[in-house]
Amino acid sequence: MTDTEKILEKLETLNQKMDDGFKNLSDRLEVMEIKQKMTHKKLNELSLDVKVMERDIRQDLARLNDETETLIAVMEAKGILPKVIND
């Protein structure tokens with residue numbers, strides 16, 4: 001085997017190792033892309049859940065305020081609470 005053939009053989013071995021390494025990196029990158037897409041979807045779902053929860057809380061607070069005002073008005077009408085004069 002000549003020196004040139006030995007060098008070519010070593011280069012082919014090195015090339016195969018690099019191809020294997022790049023294949024491994026490519027596979028890992030593909031897995032990371034899949035995980036990123038799943039995380040993005042979960043984040044979007046979480047964002048929607050938070051917005052729905054915020055809306056529900058605002059509606060509950062409005063209802064509680066209305067009920068509180070009604071209760072105060074009834075108690076003032078029955079003389080249980082003194083009437084508040086608003087300026």
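In short, a report on the structure. (Residues numbered from 1 in each chain as written. Predicted model: local features only at pLDDT ≥ 70, side-chain atom pairs only at ≥ 80, totals over all residues. Heavy atoms only, no water.)

**Section: the pattern of salt bridges**
Thinking step 1. Scanning the entire structure with this criterion turns up 4 salt bridges.
Thinking step 2. Residues Asp27 and Lys23 are paired through a salt bridge, measuring 3.0 Å at the closest nitrogen-oxygen approach. With a gap of 4 residues between them, Asp27 and Lys23 both fall in helix H1 (residues 3–77), about one helical turn apart.
Thinking step 3. Arg63 is paired through a salt bridge with Asp60; the nearest N and O atoms lie 3.4 Å apart. (Salt bridge = Lys/Arg side-chain N within 4 Å of Asp/Glu carboxyl O. Helix = DSSP H or I, 4+ residues; strand = E, 2+ residues; numbered from the N terminus.)

**Side note on the environment of Asn15**
Thinking step 1. With respect to the element layout, Asn15 can be found in helix H1.
Thinking step 2. Looking at Asn15, the relative accessible area reads 43%, which means it is partly exposed.
Thinking step 3. C-alpha separation for the pair Asn15 and Asp56, spaced 41 residues apart in sequence, amounts to 61 Å. (Buried < 20%, exposed > 50% of the residue type's maximum accessible area, 1.4 Å probe, protein only.)

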